[in-house]
Amino acid sequence: MTKTIAKTVLSLNLNGVVRDDVIPDNLLLVDYLREKASLTGTKIGCDGGECGACTVLIDGRPRHACLTLAATCQDSEIETIDGLSRDSRLTALQRGFNEKLGAQCGFCTPGMIMASEALLRRIPNPSETDIRDALAANICRCTGYVKIIEAVQFAAQALTEGEPAA
Amino acid sequence: MNETSPAQSIGVPKPLVDGPEKTTGKAMFAADFQTAETLVGRILRSPVAHANIIAMDIAKAEALPGVHAVVTEADCSDSYGVLPIAMNEWALARGRVRYRGEPVAAVAAIDVATAQRALDLIEVTYEELPAYFTAEAARAEGAVLLHDDKPGNIERDAEFDLGDVDAELAAADLVREIDVNCAEVCQVQMEPHAAFAEYDGARERLTIRPSTQVPFYVHKMLARTMGMAEGHIRVIKPHIGGGFGSRTETLQSDLIAGLLARKARATVKVVLSREETFITHRGRPESRIKMKVGMKADGTITAVDFTVQQRGGAYSGYGIVTILYSGSMIYGLYNIVSARFQGVRVLTNTPPCGAFRGHGTVKTRFAFEGLIDDMARELGLDPFAVRRANLLVAPTMTENDLLVNSYGLDQCLDWVENASGWKSRKGKLAPNKGLGMACSHYISGASKPKHWTGEPHATIHLRVDWDASITLLTGAAEIGQGSSTVMAQCVAETLGVDMGRINVISSDSALTPKDNGSYSSRVTFMVGNASIDAAQNLKARLVEAAARKLEIPAADVECLGEVYRGGQQDQGLTFEEVVMEALSGEGTITVKGNYDTIPESWGGRKYRGAAIGGTMAFSYAAQVVEVTVDPHTAEITVDKVWVAHDCGKALNPLAVEGQVQGSVWMGMGQAMSEETAFHEGLPLAANMLDYRVPTIIESPPIEVGIIEAADPHGPFGAKEAGEGSLSGFLPALTNAVADAMGVRAAELPLTPDRLLELLEKKVREDAATSGRNRGAA
């Protein structure tokens with residue numbers, strides 16, 4: 001029968017909420033988010049590190065949730081697409097992806113937006129090359145990326161014109 | 001005075017009506033559904049490429065604690081498939097497996113680990129058979145048949161011989177041939193296949209949420225496979241993470257989820273891995289095309305003579321349709337009369353191919369547009385001039401009886417020629433840079449009815465309730481292409497109301513009218529027209545109600561969208577007041593609209609399968625690609641693409657641009673880097689690292705010109721926008737490489753190693769030529 005897998009009490013800040021969960025040590029962060037925390041905004045598009053759909057922010061940095069063990073996120077701050085908008089108000093990036101059609105089927109979108117979020121926090125006024133570099137690990141199969149670049153540029157402009165980030 | 005005027009929705013860039021869900025993570029895809037008791041479904045797949053199944057023992061798996069169901073072919077009532085004449089696939093292999101990875105059995109268990117252990121406990125005894133991984137091997141004399149009723153392992157021979165090809169080739173000033181081979185490619189939509197199935201054991205009812213483009217076909221195949229009445233199955237389409245044809249047919253995972261849920265009498269979720277999604281395949285077949293074209297000195301094409309061989313994989317699927325498209329669509333783009341086609345679709349021990357975006361047309365277009373580019377060069381003609389020498393004049397019927405009612409290719413050519421600066425830049429670029437161009441086209445839905453039940457091609461319901469909101473009920477599958485948005489636009493425009501009044505409910509068999517689904521670029525044209533019809537019917541009801549309330553004849557009612565009035569001085573009635581009157585004594589009203597194609601669009605009868613290609617309208621596209629080639633590494637950089645697409649009328653210009661950019665880009669992957677690969681039937685590139693989908697780094701700017709050659713039958717003149725631009729990229733790229741480096745690519749994808757080989761061969765040949773010349777001097 002099943003070998004017993006060691007368990008850890010994981011304490012972290014998930015989208016602004018501090019929580020504790022008992023988790024097996026081999027649990028991936030993406031499974032923790034989707035199954036334990038019922039936050040299904042983060043997507044699984046591949047078998048590990050191929051597509052970027054699961055990109056979340058760990059302490060502000062974009063990471064593949066499918067290549068991260070949840071247990072390594074002890075005391076971390078995790079941000080996912082589910083917690084990005086506050087009070088149902090779309091952020092500049094979400095508006096950009098919506099209005100510029102950066103999202104067609106929407107499956108890569110959570111990862112794209114989180115990777116872009118990390119970029120705009122680091123470089124509020126990114127060049128096109130900055131955007132391409134920041135999204136190099138995120139595959140989209142619908143847009144050819146043209147409108148994704150426009151969506152990020154839209155958000156950057158909206159933010160530099162003084163709109164609050166969320 | 002009331003200054004109200006009808007709201008405009010058509011021709012205005014509109015974000016998608018379901019955009020906010022997608023950008024906030026709230027959109028629910030099949031794998032996102034979960035209940036506390038949901039069981040995990042896992043599939044056992046064949047480890048061999050071709051074998052008889054001698055025995056299977058599932059007893060140990062069934063006995064494992066935590067296992068709720070194990071299903072095999074014994075649980076299936078029937079086979080399934082696409083065409084009524086070729087339903088030779090089973091949800092779980094019956095008696096024989098025909099490719100590595102074919103589903104053999106499946107389990108539902110409390111968790112992944114238990115399900116995986118149960119799979120390990122299933123004992124299958126295989127008796128291996130010779131397996132064939134190339135079309136040539138499968139066609140060889142004495143090859144074992146994959147299917148007893150398919151002699152020679154031929155799924156279908158297709159042919160036509162129209163006009164007088166031999167005489168026209170003889171009459172040409174230049175006749176040239178090309179022999180190309182294009183790799184098999186896979187859709188790689190971002191969402192791996194998944195299905196969430198709930199079985200109500202008390203009532204013997206199934207509710208399923210499959211990741212599909214064709215909920216209606218899945219519904220029918222579930223009923224067939226499970227031996228259930230269609231009325232006992234409810235299919236609800238969740239958000240769909242793209243398709244591109246990978247889910248244009250029912251997949252085993254859809255059926256297996258239903259079978260497991262019934263046997264477990266529980267809720268089961270089947271989510272395929274990316275590797276399994278590759279193995280499920282349904283992509284574009286490897287195709288070998290040999291083509292001969294005759295041309296006059298002025299560029300006029302006299303005849304086309306070509307053969308196509310497709311490696312179709314282990315089952316029929318859409319195969320017959322694919323091979324027919326690869327022939328019939330030589331017509332419809334240019335004024336070609338004489339053409340001869342011989343196609344063969346071969347069954348092989350590889351995963352089944354399907355209906356990939358640009359279905360059947362892409363590789364033929366690649367061969368043709370490359371060949372005529374070389375011929376233009378030889379004749380001293382500009383590539384644009386050769387295309388312009390062969391334009392159609394609409395309205396017309398092609399030699400194979402395809403209806404062409406609208407034709408914007410000439411405008412597409414003009415647009416890309418100007419936008420790219422072709423005239424001033426062609427031939428004057430720096431070394432190792434090149435410009436190439438090509439044209440393409442695609443159908444706006446297959447016109448001939450697939451089922452002969454008398455059902456219309458499309459039906460839309462509009463429900464209006466006391467709150468004066470309009471609910472648009474459609475079976476058309478929104479898969480990210482924006483179909484729900486375009487339908488809302490059609491209804492809003494026809495009624496003159498703001499789009500915000502309209503809520504779209506897409507694809508729930510308990511609520512929405514039947515629709516064939518999202519494939520062959522049928523939705524905008526067919527469902528758009530049905531939406532307009534429904535809105536007109538609703539408008540008539542509202543005008544009638546307004547007339548009653550205003551006590552004037554209906555003919556005198558002026559409809560301004562949000563206001564209905566009797567004359568300019570009349571303050572009129574608000575939309576809400578009109579709705580109240582219409583519903584008074586009547587209750588909630590539902591009106592419907594239908595769409596049917598006209599028989600003239602059904603294709604001809606000149607050869608077997610001539611209906612394939614028949615459509616109400618063709619989209620047209622032209623594109624120019626600019627490349628830079630690194631002469632040392634043979635790496636190609638696509639610097640820019642200019643593409644013009646004739647979509648008749650851009651109902652939603654934002655979505656048209658997005659579709660065209662996505663098509664061109666998908667063509668780029670196929671042209672440059674994407675290819676499946678197998679070793680003895682074992683997939684070698686069943687992941688997104690080895691199967692090279694272009695990243696944002698190497699993806700070029702794509703400038704889109706929208707051309708609107710309105711179609712008389714299109715919804716507001718519209719035609720398709722989501723497929724026609726794809727196939728042109730492949731030849732435009734290789735034509736650009738030919739311009740830059742002087743070599744013709746005949747094998748795709750044109751990876752650096754393939755191009756390097758061509759460049760080195762050219763160096764050797766040039767050296768030999770100059771050596772001979774020196775010798776002669």
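On a predicted model such as this, the values are computed, not experimentally measured, just so you know. For every chain, the first residue of the written sequence is number 1, and numbering continues from 1 along that sequence. Chain A is the first chain written and ligand 1 is the first ligand written, with later ones labelled in order. For this predicted model, a pLDDT threshold of at least 70 governs which residues receive local features, and a threshold of 80 or more governs which side-chain atom pairs are given and counted, while totals over whole chains, interfaces and linings are taken from all residues. Hydrogens and waters are ignored; side-chain quantities use all the structure's heavy atoms.

Undergrad: Got a minute to help me understand the overall build of chain A in this structure?
TA: Secondary structure elements follow DSSP: runs of H or I no shorter than four residues count as helices, runs of E no shorter than two count as strands, and numbering proceeds from the N terminus. The helix and strand inventory of chain A stands at five helices and five strands. Its C-alpha atoms put chain A at 55 × 30 × 25 Å along the principal axes. Residue burial is assigned from relative accessible area. The probe radius is 1.4 Å, only protein chains are included, and a residue is buried under 20% of its type maximum, exposed over 50%, and partly exposed in between. A buried classification covers 57% of the 166 residues belonging to chain A. The long-range share in chain A, meaning contacts at least 24 apart out of those at least 6 apart in sequence, stands at 57%. A total accessible area of about 6700 Å² is found for chain A, and carbon and sulfur atoms account for 49% of it. The charge count treats Lys and Arg as positive and Asp and Glu as negative. His and the chain ends do not count. To locate a charge, the coordinates of NZ of Lys, CZ of Arg, CG of Asp or CD of Glu are taken. Across chain A, the centroid of the 17 positively charged side chains sits 3 Å from that of the 21 negatively charged ones. Whether two residues are in contact is decided by their heavy atoms: any pair within 4.5 Å suffices. A 1.4 Å probe and the Shrake-Rupley method give the accessible areas. Residues count as covered only by the protein chains that appear here.

Undergrad: Would you explain the overall build of chain B in this entry?
TA: Each helix and strand in chain B was counted, giving 19 helices and 31 strands. Throughout, the radius of gyration refers to the C-alpha atoms, and the reference size of a globule is 2.2 Å times the residue count to the power 0.38. Relative to the 2.2 N^0.38 estimate, which gives 28 Å for 777 residues, the radius of gyration of chain B is 28 Å and therefore close to what a compact globule would have. For chain B, the C-alpha atoms occupy an extent of roughly 100 × 75 × 50 Å along the three principal directions. Looking at the 777 residues of chain B, the share that counts as buried comes to 63%. When contacts within chain B are restricted to residue pairs at least 6 apart in sequence, those whose partners lie at least 24 apart make up 81%. Looking at chain B as shown, the accessible area adds up to about 26300 Å², and 50% of this sits on carbon and sulfur atoms.

Undergrad: Is there a simple way to think about the sheet that holds strand 10 (residues 205-210) of chain B in this case?
TA: Working definition: the strands of a sheet are paired by backbone hydrogen bonds and lie parallel or antiparallel to each other. All names here are of chain B. Paired strands, in this sense, are two strands between which DSSP finds at least two bridges. Taken together, seven strands build an open sheet; the order of strands is 3-5-1-12-9-10-11 and the sheet is mixed. A single partner strand is all that each edge strand has here, and the edge strands are strand 3 (67-71) and strand 11 (233-235). When strand polarity is set aside, the average angle formed by the axes of neighbouring strands in this sheet is 20°. Relative to strand 10, strand 9 (residues 194-200) is paired through six bridges, and the arrangement is antiparallel. Looking across to strand 10, one finds that Asp200 is bridged to Arg205. Only C-alpha atoms enter the line fits that serve as axes; for helices the fit covers just the stretch in contact. Angles between N-to-C directions range over 0 to 180 degrees. Across the sheet, helix 6 (residues 215-226) lies against strand 10 and strand 11, angled at about 155° from strand 11, the strand it touches most.

Undergrad: What should I look at first to understand the nonpolar core in this one?
TA: If you look at soluble globular proteins, the nonpolar side chains tend to sit buried side by side. Residue and element names in this part refer to chain B. Buried Ala, Val, Leu, Ile, Met, Phe, Trp, Tyr and Cys residues that are joined via side-chain atoms within 4.5 Å together make up what is termed a nonpolar core. In this structure, Leu206, Met291, Val304, Ile330, Phe368, Val627 and Leu733 are the most contacted members of the largest nonpolar core, which totals 192 residues. For this core, the element with the highest residue contribution is helix 18 (residues 726-741), accounting for nine residues. The residues touching Leu733, leaving out its near neighbours within four places in the chain, are Val625, Val627, Ile636, Val638, Ala671 and Met672. Grouped together as the second largest cluster of nonpolar side chains are 43 residues, Leu542, Val543, Leu573 and Tyr595 included.

Undergrad: Whenever I open this one, the packing of helix 17 (residues 653-672) of chain B against helix 18 of chain B confuses me. Can you help?
TA: Packed helices, taken two at a time, are described by the angle between their axes plus the distance between the axes. Residue and element names in this part refer to chain B. Remark: helix 17 packs on helix 18, axes separated minimally by 7 Å, with the N-to-C direction vectors making an angle of 45°. One element, helix 17, and the other, helix 18, form an angle in the oblique class. By crossing handedness, the relation of helix 17 to helix 18 is classed as right-handed. Packed against helix 17, whose contacting residues are Ser663, Val664, Met666, Gly667, Met668, Gln670, Ala671 and Met672, the element helix 18 presents Leu726, Phe729, Leu730 and Leu733 at the interface. Note on residue categories: nonpolar means Ala, Val, Leu, Ile, Met, Phe, Trp, Tyr, Cys or Pro, charged means Asp, Glu, Lys or Arg, and polar means any other residue, Gly included. A breakdown of the residues in the contact of helix 17 with helix 18 according to their chemical character gives nine nonpolar, three polar and no charged. In this scheme, roughly parallel covers angles under 35 degrees and roughly antiparallel covers those over 145, while 65 to 115 is roughly perpendicular and the rest are oblique. Crossing handedness is defined as follows: a turn of the near helix away from the far one that is anticlockwise and smaller than a right angle gives a left-handed crossing, while the clockwise case is right-handed.

Undergrad: Please explain the pairing of strand 10 of chain B as it appears in this structure.
TA: Within a regular strand, the side chains alternate between the two sheet faces. Residue and element names in this part refer to chain B. Taking the residues that link successive antiparallel strands as the turn, the strand 9-strand 10 hairpin has four residues, and the phi of Glu204 there is positive, at about 55°. Two elements, strand 10 and strand 11, share three bridges in a ladder whose sense is parallel. Of the residues in strand 11, the one forming a bridge with Leu206 is Ile233. Viewed with both strands pointing away, a crossover whose connecting path from the first strand over the helix to the second turns clockwise is right-handed. Note that the unit made of strand 10, helix 6 and strand 11 has a crossover that is right-handed.

Undergrad: Hey, could you run me through the sheet that holds strand 13 (residues 286-295) of chain B in this one?
TA: Residues and elements named next belong to chain B. Taking strand neighbours across the sheet as the criterion, the six strands line up as 7-15-14-13-8-31 in an open arrangement whose pairing is mixed. Two strands bound the open sheet, and with one partner strand each, they are strand 7 (154-162) and strand 31 (747-748). Sheet topology places strand 14 (residues 301-311) next to strand 15 (residues 338-346); nine bridges connect them, and they run parallel. Paired with Gln310 across the two strands is Arg345, which belongs to strand 15.

Undergrad: Please explain the interface of chain A and chain B as it appears in this structure.
TA: Interface size is commonly expressed as the accessible surface area that is lost when the partners come together. Contact with chain A, which involves 47 residues of that partner, is made by 54 residues of chain B. Surface buried jointly by chain A and chain B totals about 4000 Å² across both partners, of which 60% is contributed by carbon and sulfur atoms. Here, a salt bridge means any Lys or Arg side-chain nitrogen found within 4 Å of an Asp or Glu carboxyl oxygen. In this assembly, chain A and chain B are joined by four salt bridges. Contributing elements (two or more residues each) for the side of chain A that touches chain B: helix 2 (92-99), helix 3 (109-122), helix 4 (128-134) and helix 5 (146-160) of chain A. Considering only residue class, the side of chain A that touches chain B consists of 23 nonpolar, 13 polar and eleven charged. Two parts placed together each lose some accessible area; with a 1.4 Å probe, that loss summed over both constitutes the buried area.

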